[in-house]
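Fold and contact review
Single-letter residue listing:
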Amino acid sequence: MLQFNMKNAAQFVSQQEMDNLRAQMKLAQLQTLEKNGPGNDFLGWVDLPVDYDKEEFNRIKNAATRIQEHSGLLVVVGIGGSYLGARAVIELLSHHFNDYLPGNKRKFPRIVFAGNNISGAYLADLMDVLDEYSVSLNVISKSGTTTEPAIAFRILRNYMEDRYGKEAAKDRIFCTTDRNKGALKHLADQEGYETFVIPDDIGGRYSVLTAVGLLPIAVAGISIDDLMAGAAQGRERFANTSFTDNDAAQYAAARTCLMRKGYEIEILVNYEPAFHYMTEWWKQLQGESEGKDNRGLFPAGVDFSTDLHSMGQYIQAGRRILFETVVSFEDAGRTVEIPKDEANLDGLNFLAGMGMDEVNQKAMQGTVLAHVDGGVPNLAINLSERTAFSCGELIYFFEIACAFAGYLNAINPFDQPGVEAYKNNMYSLLGKPGYEEEGKKLQARIDATK
């Protein structure tokens, strides 16, 4: 079970400050749960863990089984919320070296990702390895016209048809897109690809528990039943109007208090390498939801203890503009015991007989104390185990806390107007029809800086 703890931030945020947010938080919670606040058209995720399409859910599991049976590799094409959630869950819950396990030990297909960048070198290198595997393709896009995944899908679809033939390729291509409209939906219907739905009332960064995330996650051999059950427990625990007993509301209030006191950066800290992409998913969730109207915390992340050797100095003794939220697992699943060495040249015999997980816990505890003593507030999120169930609960916790914090700070946490600026400039510079004149102006500006 997930537990939130802010005792290591008590000297920075008083109970009175938290209590002073009670009325504002109640309103934020009501706006979220009654779906009457800004951006309420995108609150379908609130009840999703218990109110999802059961027929499609079963189709997802059936499609995942077919992919597992005939493919050694699944290419997932998508960007932002269309891939980060799936990658986060898969990497958190899979063997760290799944791609390197021999075939007799690896039970499920390798999962690789494309369409999340425009690097020709990346896609060319991916194409080099495809012939070594039987391949399936899952393209994820609401419209089918987002530049990065659309380019990758065009190239990979041609590859699939050249390799398998048009008729056989259609049984290996799966499209997750709009229910009724858009270029990708039109193509899927035309070619006979199996489709899954991106709901109209759930934005990309909140979509991991829809078909967007569930199909790749299921192909990786992770129980999506357990994932949804964990999210359902999260909904039961965090989707209520209580403040004192609601860990998600407490987390949202604590980070809001810290922001209003001048802390500008929230660093999500983990001590398990498998958590890295969960941090990347969280960064999009927070950054795209809160970063608007010249406000919002800047979301950053570190992987400890690795990053203690690069970022530890700044966190310990740099500008006091940041706080940490530490995610930890009581049971990470596996460990290795440290052996005794008679020579003891490295001086580590005092650790002999300990599991590495115990050392990791002490490293975490010691680091938290050092950072708090250095003036860094620390919030803590503890999970009992690293499982699909606990992951589902954590996802829901972060999603609803993000909504609470957005409304608490008078912003719409469900739009993202700022991301259009770079897209329009890119289209103009590439000469997209209708953007030519603006493209000439932008090119002139670029030439003037050379």
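In the block above lies the structure referred to throughout.
Here's what I pulled together on the structure shown here.

Where helix α3 (residues 54-70) meets helix α10 (residues 224-238), the axes come as close as 11 Å, and the angle between the chain directions of the two elements is 145 degrees. Two secondary-structure elements touch here, α3 through Phe57, Ile60 and Lys61 and α10 through Ile224, Asp225 and Met228.

Across the sheet, which stays open at both edges, the 5 strands sit in the order β3-β2-β4-β5-β6 with parallel pairing between neighbours. Strand pairing shows two members of the sheet lacking a second neighbour, β3 (110-114) and β6 (194-197), which therefore form its edges. Here the strands of the sheet are splayed against their neighbours by 20 degrees on average, with no regard to which way each runs. Note that strand β2 (residues 73-77) and β3 share 5 bridges and pair parallel. Within β3, the residue paired with Val75 across the bridge is Val112. Sitting on the sheet, helix α6 (residues 147-164) touches β2, β3, β4 (135-140) and β5 (173-177), and the angle it makes with β4 is about 155 degrees.

This next bit is on the pattern of salt bridges. Oppositely charged side chains can form a pair if their charged atoms are brought close together. Scanning the entire structure with this criterion turns up 25 salt bridges. With a closest N to O distance of 3.2 Å, Asp47 and Lys35 form a salt bridge. Pair noted here: Asp47 is in the loop between α2 (22-33) and α3 and Lys35 is in the loop between α2 and α3, with a separation of 12 residues, a long-range link. What makes Asp47 partly exposed here is its relative accessible area of 24%. With a closest N to O distance of 2.9 Å, Glu194 and Arg59 form a salt bridge. Of this pair, Glu194 sits in strand β6 while Arg59 sits in helix α3; the two residues are 135 residues apart in sequence, bridging distant segments of the chain. Through salt bridges with shared partners, a single ionic network connects Glu55, Glu56, Arg59, Arg66 and Glu194.

Rules and cut-offs
- By convention here, each chain's residues receive numbers from 1 onward along its written sequence.
- Per-residue local features of the predicted model are confined to residues with pLDDT of at least 70, and side-chain atom pairs are confined, for both listing and counting, to 80 or more; whole-chain, interface and lining totals are unaffected and use all residues.
- Each side-chain value is derived from all of the structure's non-hydrogen atoms; neither hydrogens nor water enter the calculation.
- As a rule, the C-alpha atoms of each element are fitted with a line to give its axis, helices using only the stretch in contact, and angles between N-to-C directions run from 0 to 180 degrees.
- Only DSSP runs of H or I with at least four residues qualify as helices, and only runs of E with at least two residues qualify as strands; both kinds are numbered from the N terminus onward.
- For this analysis, residues touch if any pair of their heavy atoms sits within 4.5 Å.
- Being paired, for any two strands, means DSSP has found at least two bridges between them.
- Put simply, a salt bridge is a Lys or Arg side-chain nitrogen that is within 4 Å of an Asp or Glu carboxyl oxygen.
- Only protein chains enter the area calculation, which uses a 1.4 Å probe; residues under 20% of their type maximum are buried, those over 50% are exposed, and those in between are partly exposed.

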